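As a plain string of letters, each chain reads:
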Amino acid sequence: MTLPSLPVKKNFIFQRRADFVIRFAFKYQNTPVNLAGYTPVAQVWNFDRTQKYQDFAVTWINQSSGIIELKIPHTGTVSLPSECPYDLMFIDSLGLRLYYVEGILYESQGYSSP
């Protein structure tokens, strides 16, 4: 099933030197989207797409209910610039590639440090 109006635009704020975790629950007409058989790819790049900053670590929370978690560890948020685009693509079993989410990550300086 393909969601309408893709990709969804969603911006986030990340704290520098802290783990950054996003959880998505995909639904269509209030029904969970079964993403079984889909392969996720999520990355952070510069605006010109000439430098990749990070690959998100991707964890399926419940693939048949369309729930996925993306994470950049605290060691990765240190090197991100103050603004950077990201996106989340799914590749289906036939190789069709669709961007489901895209947006900009904005930095908030974290001050506490262990």
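Residues numbered from 1 in each chain as written. Predicted model: local features only at pLDDT ≥ 70, side-chain atom pairs only at ≥ 80, totals over all residues. Heavy atoms only, no water.

Visitor: Lay out the pairing of strand S3 (residues 20–25) in plain terms, naming residues and giving numbers.
Guide: Residue alternation in S3 divides its side chains into a buried set, Phe20, Ile22 and Phe24, and an unburied set, Val21, Arg23 and Ala25. Relative to strand S9 (residues 67–72), S3 runs antiparallel, the two sharing six bridges. Bridged to alanine 25 within S9 is isoleucine 67. (Buried < 20%, exposed > 50% of the residue type's maximum accessible area, 1.4 Å probe, protein only. Helix = DSSP H or I, 4+ residues; strand = E, 2+ residues; numbered from the N terminus. Pairing = 2+ DSSP bridges.)

Visitor: I'd like to hear about the side chain of glutamate 69, residue by residue, with values.
Guide: Turning to its location among the elements, glutamate 69 is positioned in strand S9. Among the polar contacts made by the side chain of glutamate 69, one reaches the side chain of arginine 23 at a distance of 2.9 Å. Among residues more than four places away in sequence, those in contact with glutamate 69 are Val21, Ile22, Arg23, Ala57, Val58, Thr59 and Ile61. (Polar contact = N/O pair within 3.5 Å; in protein donor to acceptor, adjacent residues only side chain to side chain. Contact = heavy atoms within 4.5 Å.)

Visitor: Got a sec to walk through the sheet that holds S3? Specific residues and values, please.
Guide: Spatial strand order, S3-S9-S8: three strands in an open sheet with antiparallel pairing. Whereas interior strands pair on both sides, the edge strands pair on one side only; in this sheet they are S3 and strand S8 (57–62). Each strand of the sheet is rotated relative to its neighbour by a mean of 20 degrees, with strand direction disregarded. Relative to S9, S8 runs antiparallel, the two sharing five bridges. Considered in S9, the bridge of valine 58 is made with leucine 70. (Axes fitted to C-alpha atoms, helices over the stretch in contact; angles between N-to-C directions.)

Visitor: Outline the confidence of the model for the protein chain, supporting the account with residue identities and numerical values.
Guide: Per-residue pLDDT for the protein chain averages 93, and the proportion of residues at 70 or more is 96%. Within the protein chain, strand S4 (residues 27–28) has the poorest average pLDDT of any element, 90, and S9 the best, 98. (pLDDT = per-residue confidence, 0-100.)

Visitor: Which residues make up the nonpolar core, and what are the values?
Guide: Judged by nonpolar contacts, the single largest core of 23 residues is most densely connected at Phe24, Phe26, Phe56, Leu88 and Leu105. Elements with a minimum of two residues in this core: strand S2 (12–15), S3, strand S6 (39–45), S9, strand S10 (83–91) and strand S11 (97–108). A per-element tally of this core places S10 first, with four residues. (Core = buried A, V, L, I, M, F, W, Y, C linked by side-chain atoms within 4.5 Å.)

Visitor: Tell me about the packing of aromatic side chains, and name the residues and values.
Guide: Overall, the coordinates contain 11 aromatic pairs when judged by the stated rule. Between phenylalanine 26 and tyrosine 100 the ring centres are 5.6 Å apart and the planes differ by 90 degrees, which places this aromatic pair in the edge-to-face class. With phenylalanine 26 in the loop between S3 and S4 and tyrosine 100 in strand S11, this residue pair connects regions lying 74 residues apart in the sequence. One exposure class covers both phenylalanine 26 and tyrosine 100, and it is buried. Pairing tyrosine 38 with phenylalanine 90 gives two aromatic rings, centres 6.3 Å apart and planes at 85 degrees, and the pair type is edge-to-face. On the criterion of sequence distance, the pair formed by tyrosine 38 in the loop between strand S5 (31–32) and S6 and phenylalanine 90 in strand S10 is long-range, its members being 52 residues apart. Taken individually, tyrosine 38 and phenylalanine 90 each receive the classification buried, so the pair is uniform in this respect. Joined through ring pairs, the aromatic side chains of Phe12, Phe14, Phe20, Phe24, Phe26, Tyr38, Phe56, Trp60, Tyr86, Phe90 and Tyr100 make up one cluster. A cation sits over an aromatic face here: lysine 10 above phenylalanine 12, 5.7 Å from the ring centre. Between the NZ or CZ atom of arginine 49 and the centre of the ring of tryptophan 45, over which it lies, the distance is 4.0 Å. (Phe/Tyr/Trp six-rings, centres within 6.5 Å; stacked < 30°, edge-to-face > 60°. Lys NZ or Arg CZ within 6 Å of the ring centre and 35° of its normal.)

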